[in-house]
Amino acid sequence: MGGIDVMDDARDTPDLAEGELDLGARLKDLRKRKRWTLQQAADRTGVGLSTLSKIERNELSPTFSTLQKIAAGFEMDPAAIIGGQPAAAPVLRVPGRRALTRAGEGRPFPTGTCNNAWLCPDLTQKVMTPIKTTIVARSIDDYPEWAKYEAEMFLYVLSGTVVIHSQIYEPLRLDAGDSLYYDASTPHLWVSEGDTDAEVLWVYAKYQ
(Lines give C-alpha, C1' and ligand atoms only; values in the text may rest on other atoms or scores of the structure.)
Protein backbone atom coordinates (compact mmCIF):
# COMPACT_ATOMS: atom_id res chain seq x y z
CA MET A 1 0.00 0.00 0.00
CA GLY A 2 2.53 2.94 -0.19
CA GLY A 3 2.37 6.46 1.19
CA ILE A 4 1.04 9.71 -0.23
CA ASP A 5 3.47 11.85 -2.22
CA VAL A 6 3.91 15.56 -1.59
CA MET A 7 4.15 16.89 -5.14
CA ASP A 8 2.68 14.34 -7.51
CA ASP A 9 1.10 11.92 -5.04
CA ALA A 10 2.60 9.09 -7.08
CA ARG A 11 5.84 7.27 -7.65
CA ASP A 12 8.12 6.61 -10.63
CA THR A 13 6.74 3.86 -12.83
CA PRO A 14 8.98 0.99 -13.93
CA ASP A 15 8.65 -0.51 -17.41
CA LEU A 16 5.54 -2.64 -17.79
CA ALA A 17 6.12 -6.37 -17.50
CA GLU A 18 4.62 -8.70 -20.07
CA GLY A 19 0.92 -9.18 -19.35
CA GLU A 20 0.83 -6.34 -16.79
CA LEU A 21 -2.10 -3.94 -16.93
CA ASP A 22 -1.39 -0.64 -18.70
CA LEU A 23 -2.95 1.48 -15.96
CA GLY A 24 -2.33 4.73 -17.82
CA ALA A 25 -4.24 3.56 -20.87
CA ARG A 26 -6.93 2.13 -18.60
CA LEU A 27 -7.52 5.45 -16.81
CA LYS A 28 -7.45 7.40 -20.06
CA ASP A 29 -10.06 5.05 -21.54
CA LEU A 30 -12.29 5.39 -18.46
CA ARG A 31 -12.00 9.18 -18.63
CA LYS A 32 -12.81 9.26 -22.34
CA ARG A 33 -15.89 7.08 -21.77
CA LYS A 34 -17.17 9.69 -19.35
CA ARG A 35 -16.24 12.44 -21.82
CA TRP A 36 -14.20 14.23 -19.18
CA THR A 37 -11.26 16.47 -19.83
CA LEU A 38 -8.19 15.97 -17.64
CA GLN A 39 -9.23 19.06 -15.70
CA GLN A 40 -12.71 17.65 -15.09
CA ALA A 41 -11.20 14.35 -13.91
CA ALA A 42 -8.87 16.26 -11.59
CA ASP A 43 -11.77 18.24 -10.16
CA ARG A 44 -13.84 15.09 -9.56
CA THR A 45 -11.06 13.02 -8.03
CA GLY A 46 -9.14 15.65 -6.10
CA VAL A 47 -5.92 14.47 -7.77
CA GLY A 48 -3.74 17.13 -9.38
CA LEU A 49 -4.01 17.74 -13.12
CA SER A 50 -0.29 17.15 -13.73
CA THR A 51 -0.41 13.96 -11.65
CA LEU A 52 -3.31 12.52 -13.65
CA SER A 53 -1.60 13.43 -16.88
CA LYS A 54 1.62 11.67 -15.83
CA ILE A 55 -0.31 8.59 -14.65
CA GLU A 56 -2.10 8.35 -17.99
CA ARG A 57 1.30 8.52 -19.74
CA ASN A 58 2.68 5.86 -17.36
CA GLU A 59 5.29 8.30 -16.13
CA LEU A 60 4.02 7.94 -12.55
CA SER A 61 2.47 5.07 -10.63
CA PRO A 62 -0.37 6.04 -8.27
CA THR A 63 -0.01 5.29 -4.61
CA PHE A 64 -2.78 3.43 -2.80
CA SER A 65 -4.15 6.73 -1.50
CA THR A 66 -4.16 8.26 -4.98
CA LEU A 67 -5.88 5.20 -6.42
CA GLN A 68 -8.58 5.50 -3.74
CA LYS A 69 -9.19 9.13 -4.76
CA ILE A 70 -9.35 8.23 -8.44
CA ALA A 71 -11.73 5.35 -7.76
CA ALA A 72 -14.03 7.57 -5.69
CA GLY A 73 -14.10 10.22 -8.40
CA PHE A 74 -14.88 7.64 -11.08
CA GLU A 75 -17.43 5.96 -8.77
CA MET A 76 -15.66 2.63 -9.10
CA ASP A 77 -14.09 0.05 -6.84
CA PRO A 78 -10.26 0.47 -6.83
CA ALA A 79 -9.78 -3.21 -7.66
CA ALA A 80 -12.01 -2.80 -10.72
CA ILE A 81 -9.82 0.04 -11.98
CA ILE A 82 -6.58 -1.95 -11.80
CA GLY A 83 -8.35 -5.07 -13.02
CA GLY A 84 -8.98 -3.72 -16.49
CA GLN A 85 -12.67 -4.61 -16.40
CA PRO A 86 -15.34 -2.20 -17.69
CA ALA A 87 -16.98 0.00 -15.09
CA ALA A 88 -20.07 -1.71 -13.73
CA ALA A 89 -23.07 -0.61 -11.73
CA PRO A 90 -22.57 -0.90 -7.96
CA VAL A 91 -23.41 -4.30 -6.50
CA LEU A 92 -24.66 -4.00 -2.94
CA ARG A 93 -25.50 -6.79 -0.50
CA VAL A 94 -26.23 -9.52 -3.01
CA PRO A 95 -27.03 -12.72 -1.04
CA GLY A 96 -24.50 -15.50 -1.39
CA ARG A 97 -21.67 -13.43 -2.90
CA ARG A 98 -18.24 -14.97 -2.51
CA ALA A 99 -14.82 -14.83 -4.13
CA LEU A 100 -11.77 -17.09 -4.11
CA THR A 101 -8.09 -16.21 -4.42
CA ARG A 102 -5.70 -19.15 -4.62
CA ALA A 103 -2.23 -19.16 -3.06
CA GLY A 104 0.17 -17.05 -5.09
CA GLU A 105 -2.63 -15.25 -6.90
CA GLY A 106 -4.06 -11.78 -6.40
CA ARG A 107 -4.28 -8.66 -8.56
CA PRO A 108 -0.86 -6.92 -8.46
CA PHE A 109 -0.54 -3.24 -7.61
CA PRO A 110 3.04 -2.12 -6.83
CA THR A 111 3.59 1.38 -5.41
CA GLY A 112 7.36 1.62 -5.06
CA THR A 113 7.35 1.17 -1.28
CA CYS A 114 5.13 -1.92 -1.27
CA ASN A 115 4.30 -4.75 -3.66
CA ASN A 116 0.59 -5.30 -3.18
CA ALA A 117 -1.69 -8.12 -4.27
CA TRP A 118 -5.41 -7.35 -4.15
CA LEU A 119 -7.25 -10.42 -2.82
CA CYS A 120 -10.74 -11.40 -4.04
CA PRO A 121 -10.77 -8.40 -6.39
CA ASP A 122 -13.66 -9.61 -8.54
CA LEU A 123 -16.20 -8.57 -5.88
CA THR A 124 -16.83 -4.83 -5.99
CA GLN A 125 -18.41 -2.57 -3.37
CA LYS A 126 -17.03 -4.70 -0.56
CA VAL A 127 -17.25 -3.55 3.05
CA MET A 128 -13.67 -4.79 3.53
CA THR A 129 -10.72 -4.82 1.13
CA PRO A 130 -8.08 -7.51 1.82
CA ILE A 131 -4.57 -6.89 0.48
CA LYS A 132 -1.42 -8.98 0.83
CA THR A 133 1.68 -6.81 0.81
CA THR A 134 5.42 -7.21 0.66
CA ILE A 135 6.92 -4.10 2.26
CA VAL A 136 10.12 -3.06 0.50
CA ALA A 137 10.52 0.34 2.21
CA ARG A 138 13.24 0.46 4.86
CA SER A 139 12.92 4.06 6.04
CA ILE A 140 10.16 6.61 6.47
CA ASP A 141 12.27 8.77 4.16
CA ASP A 142 11.13 6.44 1.36
CA TYR A 143 7.70 8.06 1.71
CA PRO A 144 7.32 11.69 0.61
CA GLU A 145 4.36 12.14 2.98
CA TRP A 146 2.47 10.34 5.75
CA ALA A 147 -0.27 7.96 4.65
CA LYS A 148 -3.79 8.80 5.77
CA TYR A 149 -7.11 7.12 4.89
CA GLU A 150 -10.69 7.57 6.02
CA ALA A 151 -10.82 3.96 7.08
CA GLU A 152 -10.02 1.44 9.78
CA MET A 153 -7.23 -1.07 9.15
CA PHE A 154 -6.39 -4.54 10.40
CA LEU A 155 -2.82 -5.72 9.93
CA TYR A 156 -1.47 -9.25 10.42
CA VAL A 157 2.24 -9.92 9.95
CA LEU A 158 2.77 -13.10 7.93
CA SER A 159 6.57 -13.03 7.96
CA GLY A 160 9.44 -10.72 8.78
CA THR A 161 9.36 -7.63 10.97
CA VAL A 162 7.34 -4.46 10.42
CA VAL A 163 7.72 -1.12 12.18
CA ILE A 164 4.60 1.06 12.23
CA HIS A 165 5.32 4.77 12.56
CA SER A 166 2.56 7.14 13.69
CA GLN A 167 2.34 10.86 14.32
CA ILE A 168 0.68 10.23 17.68
CA TYR A 169 2.36 7.02 18.89
CA GLU A 170 5.91 5.82 19.34
CA PRO A 171 7.14 3.44 16.60
CA LEU A 172 5.66 -0.03 17.09
CA ARG A 173 7.59 -3.17 16.13
CA LEU A 174 5.55 -6.16 14.95
CA ASP A 175 6.93 -9.64 14.27
CA ALA A 176 5.41 -12.61 12.45
CA GLY A 177 2.12 -13.58 14.09
CA ASP A 178 1.51 -10.11 15.57
CA SER A 179 -1.56 -8.11 14.56
CA LEU A 180 -2.79 -4.56 14.88
CA TYR A 181 -6.14 -2.79 14.43
CA TYR A 182 -6.04 0.98 14.08
CA ASP A 183 -7.71 4.14 12.86
CA ALA A 184 -6.00 4.90 9.54
CA SER A 185 -7.14 8.54 9.55
CA THR A 186 -4.19 9.13 11.88
CA PRO A 187 -1.10 9.75 9.69
CA HIS A 188 1.11 6.65 9.68
CA LEU A 189 3.81 4.79 7.73
CA TRP A 190 5.21 1.27 7.69
CA VAL A 191 8.65 -0.13 6.93
CA SER A 192 10.37 -3.51 6.98
CA GLU A 193 13.15 -4.07 9.49
CA GLY A 194 16.04 -6.42 8.80
CA ASP A 195 17.36 -8.04 5.64
CA THR A 196 14.08 -9.70 4.64
CA ASP A 197 11.07 -7.85 3.25
CA ALA A 198 8.13 -8.33 5.59
CA GLU A 199 4.90 -9.82 4.27
CA VAL A 200 1.63 -8.65 5.78
CA LEU A 201 -2.10 -9.04 5.33
CA TRP A 202 -4.11 -5.81 5.46
CA VAL A 203 -7.87 -5.58 5.76
CA TYR A 204 -9.07 -2.12 4.80
CA ALA A 205 -12.55 -0.99 5.83
CA LYS A 206 -13.62 2.42 4.59
CA TYR A 207 -15.80 4.53 6.84
CA GLN A 208 -19.39 4.41 5.61
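None of the values given here were measured: they were computed from a predicted structure.

J.: Explain the sheet that holds strand S9 (residues 179-183) to me, using residue names and the numbers behind them.
T.: Strand order across the open sheet formed by 6 strands is S3-S4-S5-S11-S6-S9, with antiparallel pairing between neighbours. Strands at the two margins of the open sheet, each flanked by one partner only, are strand S3 (107-110) and S9. Each strand of the sheet is rotated relative to its neighbour by a mean of 25°, with strand direction disregarded. Across 4 bridges, the pairing between S3 and strand S4 (residues 114-118) is antiparallel.

J.: Just give me the short version of helix H1 (residues 23-33), but keep the residues and values in it.
T.: Taken as a whole, H1 has its buried residues at Leu23, Gly24, Arg26, Leu27, Leu30 and Arg31. One side of H1 carries all its buried residues, which in axial view fall inside an arc of 165°. Along its buried surface, H1 packs onto helix H2 (38-45), helix H3 (49-56), strand S2 (60-62), helix H4 (64-74), helix H5 (78-83) and S3. Looking one or two residues beyond H1, the residue adopting positive phi is arginine 35, at roughly 60°.

J.: Account for the sheet that holds strand S7 (residues 161-166), with residues named and values stated.
T.: The sheet built from 3 strands is open, its strands ordered S8-S7-S10 with antiparallel pairing. Of all strands in the sheet, those with a lone pairing partner are strand S8 (172-175) and strand S10 (188-193), marking the two edges. Sheet twist, expressed as the mean angle between neighbouring strand axes with direction ignored, is 25°. Where S7 and S10 come together, 6 bridges link them in antiparallel fashion. Note on S10: the bridge partner recorded for serine 166 is histidine 188.

J.: A description of the pairing of S9 should follow, citing residues and the corresponding values.
T.: Along S9, the buried face is formed by Leu180 and Tyr182; none of Ser179, Tyr181 and Asp183, which line the opposite face, is buried. Note: strand S6 (residues 151-159) against S9, 5 bridges, orientation antiparallel. The partner of glutamate 152 across the bridge, within S9, is aspartate 183.

J.: So what about H2? Which residues, and what values?
T.: Every buried residue belonging to H2 is among Ala41, Ala42 and Thr45, and all of these are buried. Summarising the axial view, the buried residues of H2 lie within an arc of 100°, below the 170-degree limit, and thus occupy one face. Facing away from the buried side of H2, by more than 90 degrees, are the exposed residues Asp43 and Arg44. On its buried side, H2 packs onto H1, H3 and H4.

Rules behind the numbers
- Residues numbered from 1 in each chain as written.
- Predicted model: local features only at pLDDT ≥ 70, side-chain atom pairs only at ≥ 80, totals over all residues.
- Heavy atoms only, no water.
- Pairing = 2+ DSSP bridges.
- Helix = DSSP H or I, 4+ residues; strand = E, 2+ residues; numbered from the N terminus.
- Axes fitted to C-alpha atoms, helices over the stretch in contact; angles between N-to-C directions.
- Buried < 20%, exposed > 50% of the residue type's maximum accessible area, 1.4 Å probe, protein only.
- Arc of directions from axis to C-beta.
- Contact = heavy atoms within 4.5 Å.

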